Amino acid sequence: MDRRSFFKSSICKLADIGSEHALKKVEHNAKGWIRPPFAINELDFLLNCSRCGECIKACPHQVIFELPLHRGTVTVSTPAMDIPNKACELCCDWPCVTACKDKALAFPAKQPELEGADKQPLVECASPNEQADSAAHIESFPNANQCPPMAQARVNTDLCMPYSGPECGACFGSCSIENTLTWHNEKPSIKVDTCVGCGQCVQACITMPKAIEVGHFGSADPLPTDTGQI
């Protein structure tokens with residue numbers, strides 16, 4: 001039995017317990033890490049991902065790492081991002097996605113309904129092999145603002161200097177998504193509905209501990225996530 005068959009077998013056994021229960025368990029566990037850009041839903045991700053490590057090798061900024069064994073045999077060696085220690089740079093050619101032969105990371109097959117004429121159309125990917133063999137198969141790539149949310153960032157007003165008096169502005173201009181990191185009376189805030197959780201604002205923050213926190217989305221407070229630092 002090869003690695004992919006082994007992991008698929010383990011996940012299918014989990015699913016046999018009851019699809020709804022299994023899905024809830026998988027989604028709950030997934031709050032402990034942040035997947036790379038354009039990751040499909042967690043259960044399908046675990047079924048598709050062969051743990052080949054190609055997305056990790058393809059990341060030019062070394063943001064992606066393998067989840068360790070203590071996270072469980074179902075998720076061991078699957079890719080996650082080392083945010084907030086490093087930021088996803090939302091590369092214009094998405095090398096981690098185009099490197100994925102398993103389509104665990106995959107551009108949407110169809111263009112979603114987008115507001116505003118400034119957003120460029122998404123390309124359709126005909127097959128996993130075409131996606132992975134060469135980026136030349138793709139005529140255009142999704143913009144950064146078309147990346148599905150990977151995580152959620154928020155400003156901790158107890159730590160952010162402008163909220164207590166001193167001027168700062170270190171994170172000004174750090175966000176790649178237009179009108180997401182906004183400023184009011186010299187104080188930063190983050191729009192949850194457009195934030196993709198890349199962590200670029202966190203990287204720019206100069207306070208220690210960081211005044212901008214990033215974690216799994218879907219919670220009122222971003223949850224701490226696994227990082228590449230052992």
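Preceding block: the structure.
Residues numbered from 1 in each chain as written. Predicted model: local features only at pLDDT ≥ 70, side-chain atom pairs only at ≥ 80, totals over all residues. Heavy atoms only, no water.

Caption draft 1: Quick look at the pairing of strand 5 (residues 187–190). Here strand 5 shows one buried face, formed by Pro188 and Ile190, and one open face, formed by Lys187 and Ser189. Counting the residues that bridge the hairpin from strand 4 (residues 181–184) to strand 5 gives two residues, and of these Asn185 lies at a positive phi of roughly 55°. (Buried < 20%, exposed > 50% of the residue type's maximum accessible area, 1.4 Å probe, protein only. Helix = DSSP H or I, 4+ residues; strand = E, 2+ residues; numbered from the N terminus. Pairing = 2+ DSSP bridges.)

Caption draft 2: Quick look at the side chain of Arg51. Among the secondary structure elements, Arg51 is positioned in the loop between helix 3 (42–48) and helix 4 (54–58). The side chain of Arg51 sits in the buried core without any salt bridge; Asp102 is the nearest counter-charge, 7.7 Å away. (Lys, Arg positive; Asp, Glu negative; His and termini not counted. Salt bridge = Lys/Arg side-chain N within 4 Å of Asp/Glu carboxyl O.)

Caption draft 3: View of the packing of aromatic side chains. A complete count under the given rule lists four aromatic pairs for this structure. A ring pair is formed by Phe38 and Phe107, whose centres lie 5.0 Å apart and whose planes are at 80°; its orientation type is edge-to-face. Placement of Phe38 in the loop between helix 2 (19–29) and helix 3 and of Phe107 in the loop between helix 5 (95–98) and helix 6 (128–133) is noted, with a sequence separation of 69 residues between them. Taken as a pair, Phe38 and Phe107 share a single burial class, namely buried. Through pairs of rings, three or more aromatic residues link up here, namely Phe38, Trp94, Phe107 and Phe141. (Phe/Tyr/Trp six-rings, centres within 6.5 Å; stacked < 30°, edge-to-face > 60°.)

Caption draft 4: Inspection of the environment of Ala204 at higher detail. Structurally, Ala204 can be placed in helix 7 (residues 200–204). We classify Ala204 as partly exposed; its relative accessible area is 21%. The spatial distance from the C-alpha of Ala204 to the C-alpha of Cys175 is 9.4 Å, given a sequence separation of 29 residues. What Ala204 contacts, discounting residues up to four positions off in sequence, is Ala170, Cys171 and Ser174. (Contact = heavy atoms within 4.5 Å.)

Note that all results are geometric; they support no functional claim without further evidence.
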